[in-house]
Amino acid sequence: MYQTKIKLCLDMKNYVLKHWIRGVEIVKLWAGRFKEESSTLFDEFNESISFDKKLYKEDIRGSIAHCKMLNKINILTDKESEKIQNCLKKIESLIEEGKLEFSIENEDIHMNIESLLIDEIGELGKKLHSGRSRNDQIAIDLRMFLLEKTNLIMDCILSLLNILLNISEKNKKIILPGYTHLQKAQPIRLSFYFMAYFQMLRRDYERFEDSLKRTNSMVLGSGALSGVPYKLDREFLRDELNFLYISENALDSVSDRDFIIEFQSNSSILMMHLSRLSEEMILWATSEFNFIEISDKHTTGSSIMPQKKNPDVFELIRGKTGRVYGNLISILTVMKGLPLAYNKDMQEDKESLFDSVVTVERSLKILSEMMPEIKFNSQRMSNSLKSGFLNATDMADYLVSKGMEFRNAHKLVGELVSYSLDNNKSLEELELNELKAFSKLFDDEIYNRLSFENSIESKISFGSSSIENVEKSFLSAKKFFLDKRK
Ligand code: ARG
């Protein structure tokens, strides 16, 4: 097949890029046993270079390490190894400068780089693939890529955690209704509320952190599936590529994509948390709730309704969560029926992975920018405590403290709620004689117990919404940061 071909001329002092417009045949690196050329439709269908070109850095890093190792075990001479490494580095800079075009005839990033190398240094370039297969090559590239991206996402989570802690510390005093079934339940502190999200994201951080130890396995040297007949120095490769462990079974090494599934799963759980936060911010920004105002910088107007201020970012995070779930389901489904070892189906692991990486990173970053700018309407939150009988449980607990059985107290306060509804009053607005008509156990002290501040402060169990416990959670959060940042 005759195609446009780009040839690198790597005169190391003064390299130029020459284009052979027509007439240079691209011979597939695996073409030996084929008599016919592949069809164009096939090449277009089969290729992955359009997306795995993203992995060029990892691929070149892996190749350089492999080359050094081949030199160490005397398959390449010092000179040969140096020449290959220099050429690979030049290819890397040319890719970075956007001066190289890849070809779909060379299918993927591995064969594109290898054929550029061969174009440039000839027969010597053909030695690089000794003791290596694209199956272990892609597996190591993906692991290197994901180690870096997981660390990046962990940093983004840390920033957002820090912001949640700041918001909590700044708004320690604000009280608002807590909900169950989206019905007013009990009063809580705004700081307590945000520290709940802190806990969720902290778990997310730890999940990503934990997954690193499984991703951190050096799989190069596994060959196509059963190892290689060379005495490869895999310890050297591990050290060179900065991995912690060396994989123990070649068959598993080339067919394992658990580390991608874990990443997608961790991302899905994280996005679920961000989506729940988003959903609440959307609700809180409605005129019905009016608990918050999102900054102009992060909202949109309507093209028809002049009054509108829409919480698009939160909606998009909620929407993109579905997309990340889709990516998880996609890789799980790709892998579920695959016999060992490598199958081409696995090429489908990449686009969804790249998509999740970008989606998660951008979602975390925009939230970190937006959240500090949100204004909390504490007056509105406090007014909203007045309806909904948020202190009904406190009244029941008061009766329990006076000796009544909890179930009886629950029933009696239920009747009082019904009475108050009929009389259009809140519990704290009932006169003592009205209360006494229901139980002799009531005295003046009850009004103290019904205040929302006291309701919260009465929650003395560890992990509760009282100021003392919220302060404890701040301390624990700071300890977490100290541990993670050192
Ligand atoms: N482009 C391939 C992928 O992403 C690389 C591995 C190809 N291996 C093979 N035996 N065809 O999965």
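Residues numbered from 1 in each chain as written. Predicted model: local features only at pLDDT ≥ 70, side-chain atom pairs only at ≥ 80, totals over all residues. Heavy atoms only, no water.

Colleague: Help me get a handle on the overall build of the chain, residues and values and all.
Modeller: A tally of helices and strands in the chain yields 19 helices and eight strands. The C-alpha atoms of the chain give a radius of gyration of 31 Å, which is well past the 23 Å a tight globule of 486 residues would have. For the chain, the residues scored as buried account for 50% of the 486 residues in total. Per element, the accessible surface of the chain, about 24200 Å² overall, is 52% carbon and sulfur. In the chain, the 68 positive side-chain charges and the 74 negative ones have mean positions that sit 2 Å from each other. (Helix = DSSP H or I, 4+ residues; strand = E, 2+ residues; numbered from the N terminus. Rg over C-alpha atoms; globule rule 2.2 N^0.38 Å. Buried < 20%, exposed > 50% of the residue type's maximum accessible area, 1.4 Å probe, protein only. Areas by Shrake-Rupley, 256 points an atom, 1.4 Å probe, with all protein chains shown as cover. Lys, Arg positive; Asp, Glu negative; His and termini not counted. Charge placed at Lys NZ, Arg CZ, Asp CG, Glu CD.)

Colleague: Account for a nonpolar patch on the surface, naming residues and giving values.
Modeller: On the surface, a cluster of nonpolar side chains totalling about 270 Å² of accessible area is made up of L225, L251 and L340. By secondary structure assignment, the location of L251 is in helix α9 (residues 250-255). On the basis of relative accessible area, L251 is assigned to the partly exposed category, the value being 31%. (Patch = residues over 30% accessible without salt bridge, like charges linked within 9 Å, V, L, I, M, F, W, Y side chains within 5 Å. Salt bridge = Lys/Arg side-chain N within 4 Å of Asp/Glu carboxyl O.)

Colleague: Just give me the short version of the site of the ligand, but keep the residues and values in it.
Modeller: Around the ligand sit S48, D52, D108, H110, R134, N135, I138, Y342, Q347 and K350, and that is every residue in its neighbourhood. Contact between the ligand and N135: a nitrogen atom at 2.9 Å from a side-chain N or O atom of the residue. K350 has a polar side-chain atom sitting 2.6 Å from an oxygen atom of the ligand. The protein chains hide 87% of the 350 Å² of surface that the ligand would expose on its own. Grouping the constituent residues of the shell around the ligand by class yields two nonpolar, four polar and four charged. (Near = heavy atom within 4 Å. Polar contact = N/O pair within 3.5 Å; in protein donor to acceptor, adjacent residues only side chain to side chain. Nonpolar A, V, L, I, M, F, W, Y, C, P; charged D, E, K, R; others polar.)

Colleague: I'd like a rundown of the packing of aromatic side chains, residues and numbers included.
Modeller: Taken as a whole and assessed by the stated rule, the structure comprises 15 aromatic pairs. Between the aromatic rings of Y193 and W284, the centroid separation amounts to 4.6 Å while the plane-to-plane angle is 35°, which identifies the pairing as tilted. Placement of the pair is Y193 in helix α7 (residues 190-215) and W284 in helix α10 (residues 258-284), with a sequence separation of 91 residues. Its relative accessible area of 8% is what places Y193 among the buried residues. Using a relative accessible area of 3% as the deciding quantity, one classes W284 as buried. Between R33 and the ring centre of F34, over which it is positioned, the NZ or CZ distance is 5.7 Å. A cation sits over an aromatic face here: R143 above F259, 4.1 Å from the ring centre. (Phe/Tyr/Trp six-rings, centres within 6.5 Å; stacked < 30°, edge-to-face > 60°. Lys NZ or Arg CZ within 6 Å of the ring centre and 35° of its normal.)

Colleague: Account for the confidence of the model for the chain, naming residues and giving values.
Modeller: Here the chain averages 93 in pLDDT, while 94% of its residues score no lower than 70. When the criterion is pLDDT under 50, residues 1-23 qualifies, and its contacts beyond four places in sequence or with other chains add up to 63 contacts. (pLDDT = per-residue confidence, 0-100. Contact = heavy atoms within 4.5 Å.)

Colleague: Just give me the short version of the state of the cysteines, but keep the residues and values in it.
Modeller: By the definition in use, this model includes zero disulfides. Free of any disulfide, C67 has its nearest neighbouring cysteine sulfur in C87, separated by 10 Å. Under the relative-accessibility criterion, C67 is labelled buried at 0%. (Disulfide = S-S within 2.5 Å.)

Colleague: Outline the pattern of salt bridges, listing residues and values.
Modeller: For the coordinates displayed, the defined rule picks out 36 salt bridges. Note that E279 is salt-bridged to R318, the shortest N-O span being 2.4 Å. With E279 in helix α10 and R318 in helix α11 (residues 312-336), this pair connects stretches of sequence that are 39 residues apart. Salt bridges sharing common partners tie together E107, D108, R134 and K344.

Colleague: Requested: an account of the side chain of D43, with residues and values cited.
Modeller: Its place among the elements puts D43 in helix α1 (residues 40-46). Residue class for D43 comes out buried when judged on its relative accessible area of 3%. A polar contact is formed between the side chain of D43 and the side chain of S38, at a distance of 2.9 Å.

Colleague: Describe the packing of helix α3 (residues 56-72) against helix α6 (residues 134-170), and please don't skip the residues or the numbers.
Modeller: To characterise two packed helices, one gives the angle between the axes of the helices and the distance between these axes. Between α3 and α6, the shortest axis-to-axis distance is 9 Å and the interhelical angle comes to 120°. As summarised for this structure, α3 and α6 are arranged oblique, according to the angle between their axes. Two packed elements cross with a definite hand, and for α3 against α6 that hand is right-handed. Residue-level contacts link E58, D59, R61, G62 and S63 of α3 to Q137, D141, M144, F145 and E148 of α6. Per-class residue counts for the contact of α3 with α6 are two nonpolar, three polar and five charged. (Axes fitted to C-alpha atoms, helices over the stretch in contact; angles between N-to-C directions. Parallel < 35°, antiparallel > 145°, perpendicular 65-115°, else oblique. Left-handed = near helix turned anticlockwise from the far one by under 90°.)

Colleague: Tell me about the pairing of strand β3 (residues 175-180), and name the residues and values.
Modeller: One ladder, built from six bridges, connects β3 with strand β4 (residues 183-189); its direction is antiparallel. Residue pairing across strands places P177 opposite P187, the latter belonging to β4. Where β3 folds back on β4, the antiparallel hairpin that results is connected by two residues, among which H181 adopts a positive phi of roughly 55°. (Pairing = 2+ DSSP bridges.)

Colleague: How would you summarise the nonpolar core if you had to cite specific residues and measurements?
Modeller: Counting 105 residues, the largest nonpolar core has F194, M281, W284 and M371 as the members making the most contacts within it. By residue number, the principal contributor to this core is α6, which donates 19 residues. Among all residues touching W284, those that are not within four sequence positions of it are L176, L190, Y193, F289, N290, F291, I292 and M381. L399, M404, V413 and I446 belong to the second-largest nonpolar core, a separate cluster that totals 18 residues. (Core = buried A, V, L, I, M, F, W, Y, C linked by side-chain atoms within 4.5 Å.)

Colleague: Please set out the environment of F263 residue by residue, giving values where relevant.
Modeller: Mapped onto the elements, F263 comes out in helix α10. For the pair F263 and L328, spaced 65 residues apart in the sequence, the C-alpha separation amounts to 8.6 Å. Not counting chain neighbours up to four residues away, the residues in contact with F263 comprise L146, T150, I153, F208, L353, S356 and V357.

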